[in-house]
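Spelled out, the chains give:
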Amino acid sequence: VFAGMMIIFGTFNTLSVKWADKMKSKSIDGTIQPFNHPFLQACGMFLGEMMCMAAFWVSRYLARRQPQQPFPPIDDSSAPRKFNPFIFLPPALCDMTATSIQYIGLTLTYASSFQMFRGAVIIFTGIFSQIFLGRKMQWYKWVGIFLVISGLVTVGVNDVISQGSKNSTQPQPHTINNNSTGDLDDGRFWTPHPSLLKLYGAEGNGTKSDTDIILGDALIFCSQIIVATQMVLEEKFISKYNVPALQAVGWEGTFGFTTLSILLIPFSFIYVGPKFGNNPRHMLEDPYDGVYQLAHNPLLALAFCGTIVSIAFFNFAGISVTKELSATTRMVLDS
């Protein structure tokens, strides 16, 4: 049942995010712009997870109103144990960090490569589960991991070869805006040096160089180590303390939403150029512009709400699969 919920709500969440990304709305500068606010969307996803905490308290309240048994059960091994809520802070930070790194990588490489390299999480989750959780891997699982590695290598080599052939026939130089550091009237409190912007192509013409693609692929691949760490930590804590799935998701959402909401403040003043800052002021994130766009497009707001609701059900099902089966199984279904 939970595996089916993961597939259904995971698909619904992906469609909601893609729908929101493809829509346009009025921006704060008066122009019609695409909705491109990944950190605001991530904050919305954490809000959806945090809603699971409210659902947990409601379910606990209803359970307490039920008639109590005259004798307590003899076997209480399945009863939740007391735990420090801050044990779910590291998984929440892993989730937030991995999401940010993947977004940066996606701006540097292709979407198809992004989807393929996300499959590397199966490799790291399987290895970490064996090392830190003592789980045994059957031979056919190792064969599957080997096939995943082969596919990732193929995609990475294809990116380099295909882009190299394009650059040999069509050179695409980057340009630098010489005024990028001279005018701070838009509210930014820090602007990278033009040479740094040039190095990462932040002031370029939107093309992808060989360095961009290799760096983007590497970032996405390495971010899966963080995701695998999150999965293993969740399985360890949930199994050790028998934490209810709703409560576990709720605590992660609470920590993630609080942390990211605070980080949105400095993000809205850090200038990163038009390549990374897809908003009118070219900041790392502009939450005011994102909320402004949501308020001026009801369908966009509906898609954003769909993301919040679907991620709540998706992560509840995911934590349940981790609790009943394993983190590796969860990642297989997620991929």
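Residues numbered from 1 in each chain as written. Predicted model: local features only at pLDDT ≥ 70, side-chain atom pairs only at ≥ 80, totals over all residues. Heavy atoms only, no water.

A tally of regular secondary structure across the chain gives 12 helices and two strands. Reading the helices (α) and strands (β) of the chain from amino to carboxyl end gives α-β-β-α-α-α-α-α-α-α-α-α-α-α. Counting the 335 residues in the chain, one finds 43% classified as buried. Put simply, 82% of the contacts in the chain that link residues at least 6 apart link residues at least 24 apart. Of the roughly 17600 Å² of accessible surface on the chain, a fraction of 67% belongs to carbon and sulfur atoms. (Helix = DSSP H or I, 4+ residues; strand = E, 2+ residues; numbered from the N terminus. Buried < 20%, exposed > 50% of the residue type's maximum accessible area, 1.4 Å probe, protein only. Contact = heavy atoms within 4.5 Å. Areas by Shrake-Rupley, 256 points an atom, 1.4 Å probe, with all protein chains shown as cover.)

So, on to the packing of helix H2 (residues 38–65) against helix H3 (residues 89–108). Where H2 meets H3, the axes come as close as 11 Å, and the angle between the chain directions of the two elements is 150°. Classed by the angle they form, the pair H2 and H3 counts as roughly antiparallel. Relative to H3, the crossing made by H2 is right-handed. Side by side, H2 and H3 meet where Pro38, Phe39, Ala42, Phe46 and Glu49 of the first sit next to Ala92, Asp95, Met96, Thr99, Ser100 and Tyr103 of the second. When the residues that make up the contact of H2 with H3 are grouped by side-chain class, the tally is seven nonpolar, two polar and two charged. (Axes fitted to C-alpha atoms, helices over the stretch in contact; angles between N-to-C directions. Parallel < 35°, antiparallel > 145°, perpendicular 65-115°, else oblique. Left-handed = near helix turned anticlockwise from the far one by under 90°. Nonpolar A, V, L, I, M, F, W, Y, C, P; charged D, E, K, R; others polar.)

Moving on, we come to a nonpolar patch on the surface. Together, Trp139, Tyr140, Val143, Phe146 and Leu147 make up a nonpolar patch on the protein surface, roughly 630 Å² of accessible area in all. Its place among the elements puts Val143 in helix H6 (residues 139–169). (Patch = residues over 30% accessible without salt bridge, like charges linked within 9 Å, V, L, I, M, F, W, Y side chains within 5 Å. Salt bridge = Lys/Arg side-chain N within 4 Å of Asp/Glu carboxyl O.)

Turning next to helix H1 (residues 2–22). Its 21 residues place the ends of H1 30 Å apart at the C-alpha level, agreeing with the 30 Å of an ideal helix rising 1.5 Å per residue. Here H1 has its buried residues at Met5, Met6, Gly10, Asn13, Ser16, Val17 and Ala20. One side of H1 carries all its buried residues, which in axial view fall inside an arc of 130°. Exposed residues on H1 whose side chains face more than 90 degrees from its buried face are Ile8, Leu15 and Lys22. (Expected span 1.5 Å × (residues − 1). Arc of directions from axis to C-beta.)

So, on to the packing of helix H9 (residues 245–267) against helix H11 (residues 298–324). Angle between the axes and distance between the axes are the two parameters that describe a pair of packed helices. The N-to-C vectors of H9 and H11 enclose an angle of 120°; their axes lie 9 Å apart at closest approach. The angle between H9 and H11 places the two elements in the oblique class. Considering only the axes of H9 and H11, their crossing is right-handed. In this structure, H9 uses Ala245, Leu246, Ala248, Val249 and Glu252 to contact H11, whose residues at the interface are Asn315, Phe316, Ile319 and Ser320. Its residues placed into classes, the contact of H9 with H11 shows six nonpolar, two polar and one charged.

Relative to the helices and strands, Lys18 resides in helix H1. Judged by relative accessible area, Lys18 falls into the partly exposed class, the value being 47%. Each C-alpha atom, one on Lys18 and one on Ala303, is 8.9 Å from the other, the two residues being 285 residues apart in sequence.

Time to look at the pattern of salt bridges. Tallying each qualifying case throughout the model produces one salt bridge. Residue Asp286 is joined to Arg281 by a salt bridge in which the shortest nitrogen-to-oxygen separation is 3.3 Å. Here Arg281 falls in the partly exposed class, since its relative accessible area comes to 21%.

Quick look at the environment of Thr229 now. The residue Thr229 is located in helix H8 (residues 210–241) in this model. For Thr229, a relative accessible area of 29% puts it in the partly exposed group. With 104 residues separating them along the chain, Thr229 and Thr125 place their C-alpha atoms 7.3 Å apart. If sequence neighbours within four positions are ignored, Thr229 has contacts with Cys94 and Phe128.

Taken by themselves, the reported measurements are silent on function.
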